[in-house]
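Each chain, written out:
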Amino acid sequence: MSAAQEQTKPSHTHIGVKPLQPHIGAEISGVDLRQPISDAVRDEIKKAILQYKVVFFRDQDLSPEQHAAFAERFGPLYTHPNTTRDPKIASIHKISAVDFSKYEKLGDPTAINAGFHTDTSWRLVPTWGAVLRAVNLPEVGGDTVWVDGAAAYNHLSDDFKKRLEGLHVTHDFRDALNRQGLDYPIVAHPIVKTHRETSEKILWVNFTQKPHIIGLDIAESKAILSQILDEYRRPEIQVRFSWRPGSIAFWDNRAAVHYAVRNYGDFPRVLDRILIQDERQYADI
Ligand code: SIN
């Protein structure tokens with residue numbers, strides 16, 4: 001194959017990949033996730049996730065077992081210590097509106113509370129991926145929004161990028177963990193993380209876990225975090241997904257932050273989420 005042919009070769013040959021927005025989000029077709037997937041299909045899905053940060057599948061009528069078997073092709077599954085679990089498969093976490101409504105009033109008045117977050121960022125090595133499956137959906141509403149953390153970073157002014165250099169932000173999940181009788185420290189991650197696989201710089205703050213920038217006073221920390229929140233809120237770097245029965249979303253938790261739109265009253269919306277562990281990057285020393 002000539003160099004020119006190599007360049008024009010479609011990057012996916014086993015699946016269809018249709019971008020939904022210029023920065024983030026693509027819909028994948030041509031694969032039946034009820035069946036075991038080949039290594040070639042798995043590699044193309046992973047490539048699409050790295051490129052688009054979140055990918056969506058429609059009309060996949062998966063059982064919990066098929067959901068777990070698919071997710072496991074991308075790494076070992078993680079069992080979350082405090083979400084409600086599927087009675088048969090512990091790695092399936094019930095993301096339930098009823099559970100959220102119990103705790104959403106809890107917050108720290110000194111921190112910025114907003115819905116944009118990443119999953120398990122309170123861990124030293126957060127989970128890398130999440131596969132979310134529609135289970136019980138309201139007639140309308142209950143969309144999920146994902147934000148491209150690299151596009152958010154790239155849009156910052158050079159001065160602001162410089163200001164963020166070396167800063168670490170806290171991810172404090174202790175209230176929820178304490179309710180489970182677990183004692184885990186407050187972890188801080190760099191505000192700008194370098195993605196292990198793509199080398200992109202990612203603006204990575206969890207606004208549901210009392211973020212505070214280490215070493216700054218509350219006012220200065222809040223001022224910087226507000227600017228970051230403004231970035232996340234820009235529709236230009238978001239994709240918004242309307243769930244339907246059979247929908248699946250699969251995202252790179254290291255590259256995107258997400259926001260669950262809770263605009264469906266007291267409807268008991270449920271999605272099943274499976275988290276995939278990342279490679280260990282630190283050892284306890
Ligand atoms: C999540 O935050 O992991 C789930 C998103 C949603 O409920 O829409």
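See the structure above.
Read on for a plain summary of the structure. Please read these numbers as outputs of a predicted model, since none were measured by experiment.

### A word on the overall build of the protein chain
Now for step 1: Within the protein chain one finds eight helices and 16 strands.
Now for step 2: Here the protein chain has a C-alpha radius of gyration of 19 Å; the compact-globule value for 285 residues is 19 Å, and the two agree.
Now for step 3: Taken along the three principal axes of its C-alpha coordinates, the protein chain extends 55 × 50 × 45 Å.
Now for step 4: For the protein chain, with 285 residues in total, the buried portion stands at 50%.
Now for step 5: Restricting the contact set of the protein chain to residue pairs at least 6 apart, pairs at least 24 apart contribute 80%.
Now for step 6: Of the roughly 14000 Å² of accessible surface on the protein chain, 50% is carried by carbon and sulfur atoms.
Now for step 7: Averaging the coordinates of the 35 positive side-chain charges in the protein chain and doing the same for the 37 negative ones gives two points 1 Å apart.

### Description of the site of the ligand
Now for step 1: Lining the immediate environment of the ligand, one finds Ile-95, His-117, Asp-119, Leu-132, Thr-144, Trp-251, His-258, Ala-260, Arg-269, Leu-271 and Arg-273.
Now for step 2: For the ligand, an oxygen atom lies 3.1 Å from a polar atom in the side chain of His-258.
Now for step 3: Within the side chain of Arg-269, one N or O atom sits 2.8 Å away from an oxygen atom of the ligand.
Now for step 4: When the free accessible area of the ligand is taken as 260 Å², the share hidden by the protein chains comes to 98%.
Now for step 5: The set of elements that each furnish at least two residues to the shell around the ligand consists of strand E15 (256–260) and strand E16 (270–276).

### Describing helix H3 (residues 64–72)
Now for step 1: Listing the buried residues of H3 in full gives His-67, Ala-68, Phe-70 and Ala-71. Taken down its axis, H3 places every buried residue within 160 degrees of arc, on the same side.

### Concerning the layout of surface pockets
Now for step 1: Its boundaries defined by the atoms lining it, the second largest pocket holds a volume of some 230 Å³.
Now for step 2: Lining the second largest pocket are 16 residues, and of these Lys-193, Thr-194, Arg-254, Asp-278 and Gln-281 sit closest to its centre.

So, how was this worked out
- Residues numbered from 1 in each chain as written.
- Predicted model: local features only at pLDDT ≥ 70, side-chain atom pairs only at ≥ 80, totals over all residues.
- Heavy atoms only, no water.
- Helix = DSSP H or I, 4+ residues; strand = E, 2+ residues; numbered from the N terminus.
- Rg over C-alpha atoms; globule rule 2.2 N^0.38 Å.
- Buried < 20%, exposed > 50% of the residue type's maximum accessible area, 1.4 Å probe, protein only.
- Contact = heavy atoms within 4.5 Å.
- Areas by Shrake-Rupley, 256 points an atom, 1.4 Å probe, with all protein chains shown as cover.
- Lys, Arg positive; Asp, Glu negative; His and termini not counted.
- Charge placed at Lys NZ, Arg CZ, Asp CG, Glu CD.
- Near = heavy atom within 4 Å.
- Polar contact = N/O pair within 3.5 Å; in protein donor to acceptor, adjacent residues only side chain to side chain.
- Arc of directions from axis to C-beta.
- 1 Å grid on protein atoms, 1.4 Å probe; cavity = no way out; pocket = protein on both sides within 12 Å on 5 of 7 lines; lining within 4 Å.
- Points joined across faces, edges and corners; volume = space filled by probe spheres on them.

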